[in-house]
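The residues making up each chain are set out below.
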Amino acid sequence: MGRVSRRAFAVAALSAFTMMPQASAATGRRGGAPDSEMRGVWIASVANRDWPSKSGLSAARQRAELLTHLDTAAGNHLNTVFFQVRPTADAMWPSPYEPWSQYLTGTQGKDPGWDPLGTAVEEAHARGLRLHAWFNPYRVAVHADPSRLAASHPARENPDWVVTYGGKLFYNPGLPEVRAFVEDAMLDAVAKYPVDGVHFDDYFYPYPVAGQTFDDDAAYDEHGGGFPDRAAWRRDNIDRLVRETADRVKEVRPGARFGISPFGVWRNAGTDPLGSDTTAGVETYDDLHADTRKWVREGWIDYIVPQLYWNIGFAAADYAKLLPWWAEAARDSSTQLYVGEALYKAGDPAQPAAWQETGELSRHLTLAGEYPQVRGHVYFAAKDVAADRIGAMARVVADHYGQPAPPPR
């Protein structure tokens, strides 16, 4: 889009919202003016996935890349960005708890010379976008060498907090002091910046690695009494993180919303009759110890964005079967349901034939329009919105996002 002043952009966006005819929820994506709906995009910083494009760029270049992602989101009539600000127990803002992220300068702990989160919030709001600060609670590093962490890193100062697993470092979710620390570290950003939301991704206990064991024996011996087994204790640890974070977000910034984007399968029906008609190799309840369905049913979180990263008709995890399962899970709940969409697969030659079709994602939105519980979609991820290899995002915009729409409240 052409360059316009931030104020002019915001005024234009606000005018577009206020001048829209009123629409019922039923008209949202199926004709007429759009009602409020989530139209989101994730901006991933881990491993320089989306932003910054590589570490070591100048502050001016980093800022320019970030603003381009925001402009692209607004230009596609999206209304929310999920900005990853704590990818690996580090920070994209000046934090008293954790070091500056290595993905900025190439050196963990080195000041990049500017405040990415502060800038992102200000510039997103100037474009009529909402910004949710995206945190990964327990990942410490995508390598297994503590000596590569900044000398002042809490994981080096508290080595008993850390578990090495699958070639990576993780904080141990079974330690109450770890849970308190990661909550404090995340809430520091929420207290300092007028973020519109707090967002967790799908990593709780780590994804299973064949032949390896997540060694939390000592923590289980000390804190696991009263639970029928280790799995139940682990789920309780994650439940506590979710409930406590939800409560603290409301205390620190009452207007902010708290949501989670889990792996898309809670349990397979072959494991649990309440599960989905899937045969997925991972089940969040059993493998990540994240009882995502419970969080929805109990209303512990404001929204959930299951990552339904499969095409319609995919045998092991069919989008067309998972969508109604999640709609039913959210029925009569206070938790709003959005759907995580795998834009990154569109046009990837390694993906099945369905993902080579420009209209696959558009069909997802058409199908979702049949379920009133679905309040919108979030796309993974920002560089794929920008590249749009086969025009799948352009097709979504043309078919469903012809006008701006305010995000759900």
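The structure this text deals with has already been given above.
It should be emphasised that the depicted structure is a prediction, and the values quoted were computed from it without experimental measurement.

### Concerning the overall build of the protein
Along the protein, the regular secondary structure elements total 14 helices and 11 strands. Here the C-alpha radius of gyration of the protein, 21 Å, is about what a compact globule of 409 residues would show, namely 22 Å. Seen through its C-alpha atoms, the protein measures out along the principal axes to roughly 60 × 55 × 45 Å. Excluding contacts between residues fewer than 6 apart, the proportion of contacts in the protein whose partners are at least 24 apart in sequence is 73%. Taken as a whole, the protein presents about 15900 Å² of accessible surface, with 50% of it coming from carbon and sulfur. Taken as two groups, the 42 positive and 51 negative side-chain charges of the protein have centres that lie 6 Å from each other.

### What about the pairing of strand β6 (residues 168-171)?
Examined bridge by bridge, strand β4 (residues 139-141) and β6 share 2 bridges and lie antiparallel to one another. The residue bridging A141 from the neighbouring strand is L169, located in β6.

### Things to note about the pattern of salt bridges
Tallied over the entire structure, the rule returns 25 salt bridges. When the shortest N-O distance is used, the salt bridge between R127 and E123 registers 2.7 Å. Of the residues examined, R127 reaches a relative accessible area of 5% and is grouped as buried. Under the relative-accessibility criterion, E123 is labelled buried at 3%. Put simply, K294 and D239 hold a salt bridge, and the shortest N to O gap is 3.1 Å. Of this pair, K294 sits in helix α10 (residues 292-298) while D239 is found in helix α8 (residues 230-252), placing the two residues 55 residues apart along the sequence.

### Digging into the pairing of strand β1 (residues 38-43)
Counting buried positions along β1 yields 6 of 6 residues, so the element is predominantly enclosed. Where β1 meets strand β11 (residues 374-379), 4 bridges bridge the pair, whose relative direction is parallel. For R39, the partnering residue across the bridge sits in β11 and is H377. With helix α2 (residues 59-75) bridging β1 and the parallel strand β2 (residues 80-86), this β-α-β connection has right-handed handedness.

Reading guide: rules and limits
Note that residues are indexed from 1 along each chain, following the sequence as it is written. Per-residue local features are limited, in this predicted model, to residues with pLDDT of at least 70; the limit for side-chain atom pairs, both in listing and counting, is 80 or more; totals at the level of whole chains, interfaces and linings are taken over all residues. For side-chain calculations, the full set of non-hydrogen atoms in the structure is used, while hydrogens and water are omitted. By the criteria applied, helices consist of DSSP H or I runs no shorter than four residues and strands consist of E runs no shorter than two, each listed in order from the N terminus. Only the C-alpha atoms count toward the radius of gyration. The rule for a globule is 2.2 Å times the residue count to the power 0.38. Every residue pair with non-hydrogen atoms within 4.5 Å of one another is taken to be in contact. A 1.4 Å probe and the Shrake-Rupley method give the accessible areas. Residues count as covered only by the protein chains that appear here. Charge assignment: positive for Lys and Arg, negative for Asp and Glu; neither His nor the chain ends contribute. Taken as the charge centre is NZ of Lys, CZ of Arg, CG of Asp or CD of Glu, depending on the residue. DSSP-based pairing: two strands are paired if at least 2 bridges between them are found. In the sections that follow, a salt bridge refers to a side-chain nitrogen of Lys or Arg positioned within 4 Å of a carboxyl oxygen of Asp or Glu. The cut-offs for exposure are 20% and 50% of the maximum accessible area for each residue type, with area from a 1.4 Å probe on protein chains only; residues under the lower value are buried, those over the upper are exposed, and the others partly exposed. We call a crossover right-handed when, viewed with the strands running away from us, the connection from the first strand over the helix to the second turns clockwise.

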